[in-house]
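Observations on the three-dimensional arrangement
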Amino acid sequence: MARLVVLGGGVAGHTAATFAADWLGKEHEVVVVTPNSKWNWIPSNIWVGVGGMTKEDVTFDLAPVYEKAGITYKQAKAVSINPEGNASTDKSFVTIEYTGQGKAGQSEEVTFDYLINATGPKLNFGATPGLGEGSNLGEFTVSVCTADHADHAAHELKKVMDKMRKGERQKILVGTGHGMCTCQGAAFEYIFNIEHEIRKAGLRDMADIQWISNESFMGDFGMGGLHMKVGGYVVSSRIFTESLFAERGVNYITGAHVNKVEKGKVTYELLDGSTGEETFDFSMLIPPFAGVGLKAYNKAGEDITDTVFAPNGFMKVDANYTPKPYEEWKASDWPRTYQNPTYKNLFAAGIAFAPPHIISKPMKSPNGTVINPTPPRTGMPSGIMGKAVAHSVCDLIKHGPSAHLHEASMAEMGAACVASAGKGWLDGQAAAMTVYPVVPDFDKYPGTGRDTDYTFGEIGLAGHWIKHILHYLFIYKAKLKPFWKVIPE
Ligand SMILES: Cc1cc2nc3c(=O)[nH]c(=O)nc-3n(C[C@H](O)[C@H](O)[C@H](O)COP(=O)(O)OP(=O)(O)OC[C@H]3O[C@@H](n4cnc5c(N)ncnc54)[C@H](O)[C@@H]3O)c2cc1C
């Protein structure tokens, strides 16, 4: 009997574990180690953040689902990995610390034949003074990164809307809280929803809504922007995004590194080296992401974290990490199998793998401050990677070490981004974009780096419906309801 341990019960880890358990059957064991008791459909946190859904609508208990799937569930966080074992065992193991199941604080060593690291991001609020401490949100801003954060955001938003009702003009600031953030799409969708809710409540003239982002131009989205077909014409994401903001009367600041957050105020540095400040009554700023801080040790107990993980804490995989100038970056630098190059029984999927480089053009202010988005790894690619990696591990277990590894390069896969505002079948509008491939390939698609037949945008009610359908479909799939396997990632 072989044992696969999956670290993280999010999009990538849950996908990997549930498929692996199905493919391996009872002959082998799948273990999930994840600190939360609930699964969260994170994209719908946006609607929780404006009070359109409750946190119960976007989460469910993992334990019964894992029991049904025959998966061993440990409500714990991984702390370190010993891929070579230690002085007393040759077996690879991961050290975990329980966060629930009546064993909170207790440590355990869980041996494994294969390990998939799908621990996602550490929400690095501590990177910006005032934004928070370590991975904990600070007191001045809100977040929509977890269901609890989003619930808190909804309450704070209600307070400022109540003030608007009393005739007090309020200032809303949404965007990124550091020069090296990713996930601009989430902030973009949130500002859209806030504007929609305030307008729907008849309070639009009582709110100044301001966007602040580390993108060097509107619509970069951490992907270097894109050119997409809209109504038969090819339009840049910059024009697409700027038009959306102009139509809604939302002002924007781009190329900004937020370097300090205080009560009601942020200070920032811009790409041209100048500095500025913005005041706010309500602010949601996405924190930068880092790896969750797993350590690694060799058999002798020496720290080999630098061998297994990149300096940002994400796990090294089969990417080309050779440093080279932007002009020489290739789509082929991006990983295909997500296998660790040193330890062949370690894989990483979703946000947990270390990208070879960013996708947007690297930028610095004259003061040397790095201000550029880091690469997005959205839900669809994370799910696809999780499934491909699970497939590889199952084949390795069933057919031995020479088994073919499955591939899922972000330079050969598309992604869909639907920023949808409003709730209900007729009251809503979405800006929907599909991009293929996520990582541009300028050799294959000279000019824009992308296939314009499959890279398109649409604004309207249809995208809004799709986003709602996806909410129900993905939660249905994650609960392993009948025919879950036929629902794509
Ligand atoms: C507000 C918001 C909105 C978004 N909207 C969209 C959208 O509309 N479309 C889209 O495609 N993507 C969206 N995304 C991105 C999407 O949520 C991520 O791409 C996806 O969740 C990444 O999957 P993952 O498995 O890598 O990480 P996660 O889903 O974050 O899962 C990581 C898991 O690892 C666990 N973990 C953490 N530390 C440890 C540890 N030490 N040991 C074990 N487990 C650990 C976590 O608790 C979590 O369960 C959004 C993100 C945010 C924040």
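Look up a bit, the structure's there.
Predicted model only: the values in this text are computed from it and were never measured.

**Examining the overall build of the protein chain**
Looking only at helices and strands, one finds nine helices and 26 strands in the protein chain. Expected size for 489 residues packed as a compact globule is a radius of gyration near 23 Å; at 22 Å, the protein chain falls within 12% of this value. Across its three principal axes, the protein chain shows a C-alpha extent of roughly 70 × 50 × 45 Å. The buried share of the protein chain, taken over its 489 residues, is 56%. Sequence-distant contacts, at least 24 apart, represent 67% of the contacts inside the protein chain between residues at least 6 apart. Here the protein chain displays about 20,100 Å² of accessible surface, and carbon together with sulfur accounts for 53% of that area.

**Observations concerning the pattern of salt bridges**
If you walk through the whole model with that rule in mind, you get 28 salt bridges. Among the salt bridges present, the one from Lys 158 reaches Asp 162, with a minimum N-O distance of 3.1 Å. Taken together, the residues Lys 158 and Asp 162, both in helix α4 (residues 147–165) and four residues apart, mark about one turn of the helix. Among the residues examined, Asp 162 registers a relative accessible area of 26% and is labelled partly exposed. A salt bridge links Lys 324 to Asp 333; the nearest nitrogen and oxygen atoms lie 2.9 Å apart. Judged by relative accessible area, which is 2%, Asp 333 ranks as buried. Overlapping salt bridges, with partners in common, bring together Lys 158, Asp 162 and Arg 165 in one network.

**Concerning empty space enclosed by the protein**
Considering all chains together, one arrives at two cavities of 30 Å³ or more under this definition. Lining of the largest cavity is provided by Ile 191, Phe 192, Glu 195, Leu 244, Phe 245, Arg 248 and Val 250. Going through the elements one at a time, α5 (184–200) and α6 (237–248) are the ones with two or more residues in the lining of the largest cavity. Among the residues making up the lining of the largest cavity, the classes are represented as five nonpolar, no polar and two charged. Here the second largest cavity defines a volume of roughly 40 Å³. The wall of the second largest cavity is formed by Asn 117, Thr 119, Gly 120, Gly 291, Val 292, Gly 293, Leu 294, Phe 309, Gly 313, Phe 314 and Ala 352. Residue composition of the lining of the second largest cavity, grouped by class: five nonpolar, six polar and no charged.

**A word on the pairing of strand β2 (residues 29–34)**
Burial of β2 is extensive: six of the six residues sit out of reach of the surface. Covered by surrounding structure in β2 are Glu 29, Val 31 and Val 33 together with Val 30, Val 32 and Thr 34, the residues of both alternating faces. Relative to β2, strand β1 (residues 3–7) is paired through five bridges, and the arrangement is parallel. Directly across from Leu 4, in β2, lies its bridge partner Val 30. In this view, the connection linking β1 to its parallel neighbour β2 by way of helix α1 (residues 11–24) has right-handed handedness. Where β2 lies against strand β5 (residues 72–82), four bridges are found, and the strand directions are parallel. Across the sheet, residue Val 31 finds its bridge partner in β5, namely Thr 72.

**Looking at the site of the ligand**
Within the structure, the ligand sits among 31 residues, and Ala 12, Ile 351, Arg 377, Gly 379 and Lys 467 are positioned closest to it. At a separation of 3.4 Å, an oxygen atom of the ligand approaches a polar side-chain atom of Thr 34. With respect to the ligand, the backbone of Ile 351 contributes an N or O atom lying 2.8 Å from an oxygen atom. Within the complex, the protein chains bury 88% of what would otherwise be the 990 Å² of accessible surface of the ligand. Elements represented by at least two residues in the shell around the ligand include exactly α1, β2, β5 and α8 (379–399). When residues in the shell around the ligand are grouped by element, the largest group, three residues, is from α8. Grouping the constituent residues of the shell around the ligand by class yields 17 nonpolar, eleven polar and three charged.

**Notes on the packing of aromatic side chains**
Applying the stated criterion across every chain yields a total of 14 aromatic pairs. Arranged with centres 5.3 Å apart and planes meeting at 75°, the rings of Phe 188 and Phe 192 form a pair that is edge-to-face. With a gap of four residues between them, Phe 188 and Phe 192 both fall in helix α5, about one helical turn apart. Neither residue differs from the other here; Phe 188 and Phe 192 are each classed as buried. In this structure, Arg 377 is placed above the aromatic ring of Phe 353, and the distance from its NZ or CZ to the ring centre is 5.2 Å.

Criteria and cut-off values
Residues numbered from 1 in each chain as written. Predicted model: local features only at pLDDT ≥ 70, side-chain atom pairs only at ≥ 80, totals over all residues. Heavy atoms only, no water. Helix = DSSP H or I, 4+ residues; strand = E, 2+ residues; numbered from the N terminus. Rg over C-alpha atoms; globule rule 2.2 N^0.38 Å. Buried < 20%, exposed > 50% of the residue type's maximum accessible area, 1.4 Å probe, protein only. Contact = heavy atoms within 4.5 Å. Areas by Shrake-Rupley, 256 points an atom, 1.4 Å probe, with all protein chains shown as cover. Salt bridge = Lys/Arg side-chain N within 4 Å of Asp/Glu carboxyl O. 1 Å grid on protein atoms, 1.4 Å probe; cavity = no way out; pocket = protein on both sides within 12 Å on 5 of 7 lines; lining within 4 Å. Points joined across faces, edges and corners; volume = space filled by probe spheres on them. Nonpolar A, V, L, I, M, F, W, Y, C, P; charged D, E, K, R; others polar. Pairing = 2+ DSSP bridges. Right-handed = clockwise from strand over helix to strand, strands pointing away. Near = heavy atom within 4 Å. Polar contact = N/O pair within 3.5 Å; in protein donor to acceptor, adjacent residues only side chain to side chain. Phe/Tyr/Trp six-rings, centres within 6.5 Å; stacked < 30°, edge-to-face > 60°. Lys NZ or Arg CZ within 6 Å of the ring centre and 35° of its normal.

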